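# Summary of the model geometry
Okay, here's what each chain looks like letter by letter:
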Amino acid sequence: AKEKKGRITLEPFSTVSGLDAVAQGTADIAGSARGKYLKRPEEAGINFVPVALDAAVMITYPKNPVQSITLKQLFDIYYGRITNWTPLGGEPKDINLYGIAAPLDGVEFSVRDLVYRNGDQRVAIPRLYLNTTKLEEGIAIDPAGLGLSTLASIHENKGVKPLAIEGVAATPATVADGTYPLYITLYLAAKVDSPKQAAIDRFIAFLGT
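Here goes a summary of the coordinates provided. (Residues numbered from 1 in each chain as written. Predicted model: local features only at pLDDT ≥ 70, side-chain atom pairs only at ≥ 80, totals over all residues. Heavy atoms only, no water.)

### Quick look at the pattern of salt bridges
Keep this limit in mind: Salt bridges are defined as contacts in which a side-chain nitrogen from Lys or Arg sits within 4 Å of a carboxyl oxygen from Asp or Glu. Only protein chains enter the accessibility calculation, which uses a 1.4 Å probe; a residue whose area is less than 20% of its type maximum is buried, one above 50% is exposed, and one in between is partly exposed.
Tallied over the full model, the rule gives eleven salt bridges. Here Arg 40 ties to Glu 42 by a salt bridge, and the two come within 3.8 Å at their closest N and O atoms. Taking the relative accessible area as the measure of exposure, Arg 40 reaches 12% and is therefore buried. A salt bridge links Arg 112 to Glu 108, with the nearest nitrogen and oxygen atoms 3.1 Å apart.

### Side note on the packing of aromatic side chains
Inclusion rule: Note on ring pairs: Phe, Tyr and Trp rings are taken, using the six-membered ring of Trp, and paired if centres are within 6.5 Å. Classes follow the plane angle, with under 30 degrees stacked, over 60 edge-to-face and the rest tilted. Helix and strand assignments follow DSSP, with helices taken as H or I runs no shorter than four residues and strands as E runs no shorter than two, numbered in order from the N terminus.
With the rule as written, the count across this model stands at seven aromatic pairs. Judged by centre distance (5.4 Å) and plane angle (75 degrees), the rings of Tyr 37 and Phe 109 are edge-to-face. Residue Tyr 37 is located in the loop between β1 (30–32) and β2 (46–60), and its partner Phe 109 is located in helix α3 (residues 106–116); the two are separated by 72 residues in the primary sequence. Given the relative accessible area of 12%, Tyr 37 is considered buried. Given a relative accessible area of 14%, Phe 109 falls into the buried group. Between Phe 75 and Tyr 116 the ring centres are 4.6 Å apart and the planes differ by 45 degrees, which places this aromatic pair in the tilted class. Taken as a pair, Phe 75 in helix α2 (residues 71–79) and Tyr 116 in helix α3 lie far apart in primary sequence, 41 residues in all. Assessed through its relative accessible area of 12%, Tyr 116 is described here as buried. An aromatic cluster is defined as three or more aromatic residues linked by ring pairs; in this entry it consists of Phe 75, Tyr 79 and Tyr 116.

### Overview of the side chain of Thr 60
Convention followed: In protein, a polar contact means a hydrogen-donor-capable atom and an acceptor-capable atom, both N or O and within 3.5 Å, with residues adjacent in sequence counting only if both atoms are side-chain atoms; elsewhere, any N or O pair within 3.5 Å suffices. Throughout, a residue-residue contact means that at least one pair of heavy atoms, one from each residue, lies within 4.5 Å.
Summarising the element assignment, Thr 60 is placed in strand β2. A distance of 3.0 Å separates polar atoms of two side chains, one belonging to Thr 60 and the other to Asn 64. A polar contact is formed between the side chain of Thr 60 and the backbone oxygen of Gly 145, at a distance of 2.7 Å. Beyond its immediate stretch of four places on either side in the chain, Thr 60 contacts Trp 85, Ile 139, Gly 145, Val 160, Lys 161 and Leu 163.

The following block contains the structure:
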């Protein structure tokens, strides 16, 4: 905007709502933490361009003593096989597991694809929120809370604590070198036949600066 190259109106909500807005022509571009889902006809005419890497992070209450969990433990937590903090090295209390309510949420989809090799895997999550912002607000006041967000979202949020995975903390460096197990690709999505393709191309170029 300062360089008078365009103006962006940002409306954060959920992955599917953003992609549907693009498909319907009410939005020009959408951000997504997953690629195209071939089973959704609404996404058939959308082009997904990879623009960045991020880390999916399991977050908990800041004073929770647990520092790290394994991929196997994460597998079992989402399946409802581990329901207490004790096997993870925490206090003997039930895990309050949080997730995103919207179907095919980008971050949830990408993590389930990494953990289960199926992004649409059904899991046991009793507490559902509209998006990661609302989820983080819930975790921040729940000493037994556990949920999923991204490094980009929580890196300045002192109200939640990210857990290491397999002993590796999520940082830009561990995402870049691939040592952090739950790194995900972020995409910019736009209609294949968008009348604003030239402006979209300029914005994608801007993201690389």
